[in-house]
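Results of the structural survey
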Amino acid sequence: MLHLELTHDLGSESCVAGLKRFMARRGVPQRLISDNTSTFHSTLVKRFTSKQPIRWQYNLPRAAWWGGLFERLIRSTKRCLRKSLRLARLTYEELLMVLCEIHAVLNSRPLTYMYEANIEQPLTPSHLCLGRRYCSLQSDTANDDPTNDNERAQILEALQKNELLLQDFLKRWEKEYLINLREAHSP
């Protein structure tokens with residue numbers, strides 16, 4: 001399962017805040033696997049994780065291939081996100097919303113090959129974590145009733161912008177993800 005967390009910077013305080021948000025949503029993990037960025041080795045982060053029953057496992061320095069599948073998933077997600085966002089100017093809340101939707105889509109991806117005569121719902125990472133697939137997030141603005149037309153137009157414009165960004169990201173990611181799968185399974 002992939003977890004995307006938006007932080008203000010790459011500092012130790014932001015890292016600890018991100019870990020706290022993660023644990024509040026998902027519970028305390030038994031093990032964390034990450035690269036060797038200096039933020040993860042900071043005194044503040046080590047002090048925070050030492051109070052938790054977490055075993056932190058680091059990849060070898062300069063050895064991204066140790067992460068295998070998850071490093072490839074992160075790389076393709078970042079690449080598609082950069083291409084999709086390009087020069088888009090999003091507020092913190094808009095970017096957070098896009099990341100949450102991407103999180104739901106990526107964790108609803110099938111983990112196995114889907115045969116036509118197969119089961120209705122393929123096994124996904126969200127099944128392993130939640131016991132079900134994430135909900136499909138559809139924007140329904142028909143029932144919204146902002147107080148004025150200007151506010152309604154701004155809300156609709158923001159939702160449409162985020163929807164277009166998400167669709168662009170999904171097209172790019174699906175294309176690159178399928179190529180990565182083919183490369184990973186080549187004989």
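Remember, predicted model here, so these are calculated numbers, not experimental data.

**Overview of the overall build of the protein**
Secondary structure summary: the protein contains six helices and two strands in total. Secondary structure elements of the protein occur, N-terminal to C-terminal, as α-β-α-β-α-α-α-α. Looking at the 187 residues of the protein, the share that counts as buried comes to 31%. In the protein, 64% of the contacts between residues at least 6 apart in sequence involve partners at least 24 apart. Carbon and sulfur atoms make up 55% of the accessible area of the protein, which amounts to about 13,200 Å² in all.

**Concerning the pairing of strand E2 (residues 55-58)**
Here strand E1 (residues 31-34) pairs with E2 via four bridges, running parallel. Residue Ser34 lies in a different strand from E2, and its bridge partner there is Tyr58. Since E1 and E2 lie parallel, the crossover through helix H2 (residues 43-50) that links them has a hand, and here it is right-handed.

**Focus on the packing of aromatic side chains**
What the rule picks out here adds up to two aromatic pairs. Relative to Trp56, the ring of Phe40 lies with its centre 5.2 Å away and its plane at 45°, an arrangement referred to as tilted. In this pair, Phe40 sits in the loop between E1 and H2 while Trp56 sits in strand E2, placing the two residues 16 residues apart along the sequence. Look at Trp56 and Tyr58: their rings are 5.7 Å apart centre to centre, the planes differ by 15°, and that puts the pair in the stacked class. For Trp56, a relative accessible area of 16% gives the class buried. Tyr58 sits in the partly exposed class, given a relative accessible area of 25%. Three or more aromatic residues link up through ring pairs in this structure, and these residues are Phe40, Trp56 and Tyr58.

**Topic: the environment of Tyr134**
Assignment of secondary structure puts Tyr134 in the loop between helix H5 (125-130) and helix H6 (149-184). Put simply, Tyr134 and Asn107 are 27 residues apart on the chain and 7.5 Å apart in space, counted from C-alpha to C-alpha. Residues in contact with Tyr134, not counting those within four places in the same chain, are Met1, Arg26, His103, Ala104, Asn107, Ser108 and Ser126.

**Focus: the confidence of the model for the protein**
Averaged over every residue, the pLDDT of the protein is 78; residues scoring 70 or more account for 82%. Taken as a whole, residues 136-144 scores under 50 in pLDDT and shows six contacts with residues more than four places along the chain or in a different chain.

**Some thoughts on the side chain of Thr124**
Checked against the element boundaries, Thr124 lands in the loop between helix H4 (92-106) and H5. Those residues in contact with Thr124 that lie beyond four places of it in its chain are Asn107, Ser108, Arg109, Pro110, Leu111 and Arg133.

**Looking at unusual backbone geometry**
Phi is positive for Arg86, which is not a glycine, with a value near 40°. Here Arg86 falls in the exposed class, since its relative accessible area comes to 57%.

Thresholds, definitions, all that
- Residues numbered from 1 in each chain as written.
- Predicted model: local features only at pLDDT ≥ 70, side-chain atom pairs only at ≥ 80, totals over all residues.
- Heavy atoms only, no water.
- Helix = DSSP H or I, 4+ residues; strand = E, 2+ residues; numbered from the N terminus.
- Buried < 20%, exposed > 50% of the residue type's maximum accessible area, 1.4 Å probe, protein only.
- Contact = heavy atoms within 4.5 Å.
- Areas by Shrake-Rupley, 256 points an atom, 1.4 Å probe, with all protein chains shown as cover.
- Pairing = 2+ DSSP bridges.
- Right-handed = clockwise from strand over helix to strand, strands pointing away.
- Phe/Tyr/Trp six-rings, centres within 6.5 Å; stacked < 30°, edge-to-face > 60°.
- pLDDT = per-residue confidence, 0-100.

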